Amino acid sequence: MFERLKSVPIDPILGLMNAFKADPRETKIDLGVGVYQNSSGKTPIMTAVKKAEFALHQNENTKTYQGMTGDIDYNTHISELIFGSENSISNSDKSCTLQAPGGSGALRVGAEVIARTKENATIWIGDPTWANHIPIMTKTGLKIKTYPYYDFKTHSIDFDAMIAQLKKIPAGDFVLLHGCCHNPTGADLTLNQWSEVCSVASQTGFIPFIDIAYQGLGNGLDEDVQGLRILANNLPELMVASSCSKNFGLYRERTGAISFLCSSDVQSKIVLSHAMSAARSLYSMPPAHGALLVAAVLGDHALRQEWEKELEQVRRRIESMRKMLCQKLETNNHGQDFSHIKMQKGMFSFLGITPDQVTKLRDIHGIYMVSSTRINIAGININNIDYLCDSILDVL
Ligand code: LMR
């Protein structure tokens, strides 16, 4: 039977990991997959996480099943991180959070629940978006539509076009938004723009589904959720898919969560039952390890402070690499404008070169980026930035 199958194309982001590993050149640079690298090009385990892991190793006394919702403490901490510990939503029965296998698992469970709300349930996704959004949503049978997000000419959000489309979305449709550090553009909504999105949602009745995979890597842990909280504090229903891959560096531990805000506590119980049944048929229960570490870090004052400091260093390093990259490219200017890179947030920006130049950078110089020209700023450091800039200028 397997001879009936034809190969499918390799994932545009994860495929780069293998190609990069196989490249023998010592000068190669990985600007592909969204993984943080420190100033030495390494992706270390955060110290607070390592300490929590050591304590878990000493104290963990069972590996029994946790159940479909995962770790209850983790779910509470994540809800507080997103909605705010002082915010009544975090402790209200109108909201519920379910641990999920990474941000992708959270998105998939969320999409499964949406697909159960009605026949032909529809989700609107910004263009461009993370390469895995549409495949995840499509698998659940949801109808996919797009709204404009980014203007490639001005390197910024085309907010007028976005809002014009959002105003036409029918009540009961869902709209996927990036909470912060937009992937792939790095262009985030301002708080005024979030407020405008919020009033359009309350007029039209669409339901926001916010994907937040980079909380803390943009402007700060609380700052990065201000837009999301505007929606949560003013709309009756929304959904949030979150991830601890980047801000806790727990990539391979697959640690995420799906949260729902519902119009009543009765509704919330019903929604949770659907999320659990979706989880059961997809993967049964989420993996425990990462969530236990996050709960341990967030539940301990000293560890939490240490983690927040480390996260701030991550954010600051990315910011400084953004500035340095612009400065160096601008000094040797070939007429191309790269100034958007220093204004944008999080791990990614579009470099804005041609597909042919992307291929040349990889083939001639060993510099890997997604074909859309998305670069992971965290792959840049003071040892490789000159080679990177020279190579970019060479192919321009
Ligand atoms: C990325 O966008 O590079 C990361 O979120 C990793 C992934 O799974 O695509």
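Residues numbered from 1 in each chain as written. Predicted model: local features only at pLDDT ≥ 70, side-chain atom pairs only at ≥ 80, totals over all residues. Heavy atoms only, no water.

### Here's the deal with the domain arrangement of the protein
Part 1 of the argument: Domain parsing of the protein yields domain 1 (2-45 + 316-395) and domain 2 (65-299).
Part 2 of the argument: A C-alpha centroid distance of 27 Å is found between domain 1 and domain 2.
Part 3 of the argument: Opposite the 18 residues of domain 1 that make contact, domain 2 presents 19 residues.
Part 4 of the argument: Area buried by domain 1 at its contact with domain 2 is led by Lys 345, Phe 348 and Phe 350, which between them contribute 37% of it. (Domains from an automatic or database assignment. Contact = heavy atoms within 4.5 Å. Buried area = accessible area lost by both parts, 1.4 Å probe.)

### What about the pairing of strand S8 (residues 207-212)?
Part 1 of the argument: Judged by how many residues are buried, S8 sits mostly within the fold: six of six residues are covered.
Part 2 of the argument: Residues Ile 207, Phe 209 and Asp 211 point to one face of S8 and Pro 208, Ile 210 and Ile 212 to the other, with burial holding for every one of them.
Part 3 of the argument: In terms of strand pairing, strand S7 (residues 174-178) meets S8 through five bridges, oriented parallel. Its bridge partner lying in S8, His 178 is registered against Asp 211.
Part 4 of the argument: Regarding the hand of the β-α-β motif, the stretch spanning S7, helix H8 (residues 191-204) and S8 is right-handed. (Buried < 20%, exposed > 50% of the residue type's maximum accessible area, 1.4 Å probe, protein only. Helix = DSSP H or I, 4+ residues; strand = E, 2+ residues; numbered from the N terminus. Pairing = 2+ DSSP bridges. Right-handed = clockwise from strand over helix to strand, strands pointing away.)

### Topic: the pattern of salt bridges
Part 1 of the argument: Counting across every chain of the model gives 14 salt bridges.
Part 2 of the argument: For Asp 23, the salt bridge identified is with Arg 25, shortest N-O distance 2.8 Å.
Part 3 of the argument: A relative accessible area of 7% places Asp 23 in the buried class.
Part 4 of the argument: Close ionic contact of Glu 306 with Lys 51 constitutes a salt bridge, the shortest N to O distance being 2.9 Å. Here Lys 51 lies in helix H2 (residues 47-59) and Glu 306 lies in helix H12 (residues 301-331), a separation of 255 residues in the sequence.
Part 5 of the argument: Lys 51 gets classed as partly exposed once you look at its relative accessible area, which sits at 43%. (Salt bridge = Lys/Arg side-chain N within 4 Å of Asp/Glu carboxyl O.)

### Observations concerning helix H11 (residues 289-298)
Turn by turn, an α-helix covers 3.6 residues, leaving residues three or four places apart pointing in a common direction.
Part 1 of the argument: Among the ten residues of H11, eight are classified as buried, and the element is accordingly described as predominantly covered.
Part 2 of the argument: Those residues of H11 not exposed but buried are Gly 290, Ala 291, Leu 292, Leu 293, Val 294, Ala 295, Val 297 and Leu 298.
Part 3 of the argument: Elements in contact with the buried residues of H11: H2, helix H3 (72-83), strand S2 (95-101), strand S10 (255-261) and H12.

### Focus on the site of the ligand
Part 1 of the argument: Surrounding the ligand, one finds Ile 13, Val 33, Gly 34, Trp 130, Asn 183, Tyr 214, Lys 246 and Arg 374.
Part 2 of the argument: One of the backbone N or O atoms of Gly 34 is found 2.7 Å from an oxygen atom in the ligand.
Part 3 of the argument: Arg 374 places a side-chain nitrogen or oxygen 2.8 Å from an oxygen atom of the ligand.
Part 4 of the argument: In isolation the ligand offers 260 Å² of accessible surface; the protein chains occlude 82% of this area.
Part 5 of the argument: For the shell around the ligand, the residue count by class is four nonpolar, two polar and two charged. (Near = heavy atom within 4 Å. Polar contact = N/O pair within 3.5 Å; in protein donor to acceptor, adjacent residues only side chain to side chain. Areas by Shrake-Rupley, 256 points an atom, 1.4 Å probe, with all protein chains shown as cover. Nonpolar A, V, L, I, M, F, W, Y, C, P; charged D, E, K, R; others polar.)

### Describing the packing of aromatic side chains
Part 1 of the argument: Inspection of every chain in the model, using the stated rule, returns six aromatic pairs.
Part 2 of the argument: Between the aromatic rings of Phe 20 and Tyr 368, the centroid separation amounts to 5.4 Å while the plane-to-plane angle is 90 degrees, which identifies the pairing as edge-to-face. Here the residue Phe 20 occupies a position in helix H1 (residues 14-22), and Tyr 368 occupies one in strand S12 (residues 367-368), the gap between them amounting to 348 residues.
Part 3 of the argument: Taken together, the ring pairs connect Tyr 150, Phe 152 and Phe 350 into an aromatic cluster.
Part 4 of the argument: It is Lys 28 that lies over the ring of Phe 20; its NZ or CZ is 4.5 Å from the centre.
Part 5 of the argument: The ring of Phe 348 carries Arg 374 above its face, with NZ or CZ at 3.7 Å from the centroid. (Phe/Tyr/Trp six-rings, centres within 6.5 Å; stacked < 30°, edge-to-face > 60°. Lys NZ or Arg CZ within 6 Å of the ring centre and 35° of its normal.)

### A closer look at unusual backbone geometry
Part 1 of the argument: Each neighbour pair has its own omega, and for Asp 127 with Pro 128 the value is 5 degrees, a cis peptide bond.
Part 2 of the argument: Within the secondary structure layout, Pro 128 lies in the loop between strand S3 (122-127) and helix H6 (133-139).
Part 3 of the argument: Look at the link from Asn 183 to Pro 184: it is a cis peptide, with omega at 25 degrees.
Part 4 of the argument: Turning to its location among the elements, Pro 184 is positioned in the loop between S7 and H8.
Part 5 of the argument: In this structure, Ser 284 is a non-glycine residue whose phi angle is positive, near 75 degrees.
Part 6 of the argument: The residue Thr 373 is not glycine, and still its phi comes out positive at about 80 degrees.

### Things to note about the pairing of S3
Within a regular beta strand, the side chains point alternately toward one face of the sheet and then the other, so they alternate between its two faces.
Part 1 of the argument: Most of S3 sits out of view: five of its six residues are buried.
Part 2 of the argument: Here S3 runs beside strand S4 (residues 143-148); their pairing, made up of six bridges, is parallel. Residue Ile 125 lies in a different strand from S4, and its bridge partner there is Thr 146.
Part 3 of the argument: In the sheet, S3 pairs with S7 via three bridges, with the strands oriented parallel. Within S7, the position partnered with Ile 125 by the bridge is Leu 176.

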